[in-house]
Amino acid sequence: GRYAAAETETARAAIRAEARAYVRAAIVREIVPAWLGMPWGLGKNSTANRPHAPGMTVACGYFVAAVLEAAGLRIESRFKFAQAPALAVQKALAPDAVHRYFSVAGDVLGRKIAGLGDGVYIIGLANHIGFVVVDAGAVRLVHASYTGDQVVTDEPLAAAQAIADSRPKGYFVSPVMHDDRLADLWLRGAAVPLTPG
């Protein structure tokens, strides 16, 4: 493709920037909306890899993995990725950009994440994982929610029960497609390795 044919680092950098913007927009505008309302669940039927698959539910890790795959990221092993601790997933995607926030309230956490800039992030909570979308200062939690209606939900982060539940243990937040490493893997169709840790 264009990436392999690009002859200068400037041209490759421009293509990587375009890829990062494309993936983030696809997640927010096309992929996530298709999943909204899908039932959350645990167990053998909770491994859906497409939205509203008949007879299926989706656990939080499988939701994150399915969205990333739908955005074109190749994941080394979807099942291992979906079942891995949130921090291992975050280190696989953004090894140099995992932010740790201690036991702050949801509104404070929202302001801190907004300070990282507009974009898509993964948030690791106590026994839970999801996406955070920051858009013009609005901070939303998008996740296969075990709380409330127990469906894939897009809700204000500050008021989310899952955030309150995780407050004693804190939160890990990392960007999706913020750097050249992940953009390069995406453009080459190379798998994102999940390393233990």
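Residues numbered from 1 in each chain as written. Predicted model: local features only at pLDDT ≥ 70, side-chain atom pairs only at ≥ 80, totals over all residues. Heavy atoms only, no water.

Draft legend 1. Representation of empty space enclosed by the protein within the structure. A complete count under the given rule lists 1 cavity of 30 Å³ or more for this structure. Put simply, the largest cavity is a space of about 30 Å³. Secondary-structure elements contributing two or more residues to the lining of the largest cavity are α3 (60–70) and α4 (78–83). Per-element tally for the lining of the largest cavity: the top contributor is α3, with 3 residues. (1 Å grid on protein atoms, 1.4 Å probe; cavity = no way out; pocket = protein on both sides within 12 Å on 5 of 7 lines; lining within 4 Å. Points joined across faces, edges and corners; volume = space filled by probe spheres on them. Helix = DSSP H or I, 4+ residues; strand = E, 2+ residues; numbered from the N terminus.)

Draft legend 2. Quick peek at the pattern of salt bridges. Under the criterion given, the structure shown has 9 salt bridges. One salt bridge in this structure joins D107 and R111, with 3.9 Å as the shortest N-O distance. Of this pair, D107 and R111 both sit in helix α6 (residues 106–114), separated by 4 residues, roughly a single helical turn. Look at R111 and you get exposed, because its relative accessible area is 56%. (Salt bridge = Lys/Arg side-chain N within 4 Å of Asp/Glu carboxyl O. Buried < 20%, exposed > 50% of the residue type's maximum accessible area, 1.4 Å probe, protein only.)

Draft legend 3. Inspection of helix α2 (residues 9–35) at higher detail. In a regular helix each residue adds 1.5 Å, so 27 residues correspond to 39 Å; α2 covers 37 Å between its end C-alpha atoms and thus fits that length. At I27, α2 shows its largest bend, some 45°. Close packing links the buried residues of α2 with α1 (2–5), α3, β3 (119–125), β5 (138–144), β6 (152–156) and α8 (180–188). Phi turns positive one or two residues past the end of α2, at G37, with a value near 90°. (Expected span 1.5 Å × (residues − 1). Bend = angle between axes of the 7 residues up to and from the residue. Contact = heavy atoms within 4.5 Å.)

On their own, these measurements won't tell you what the molecule is for.
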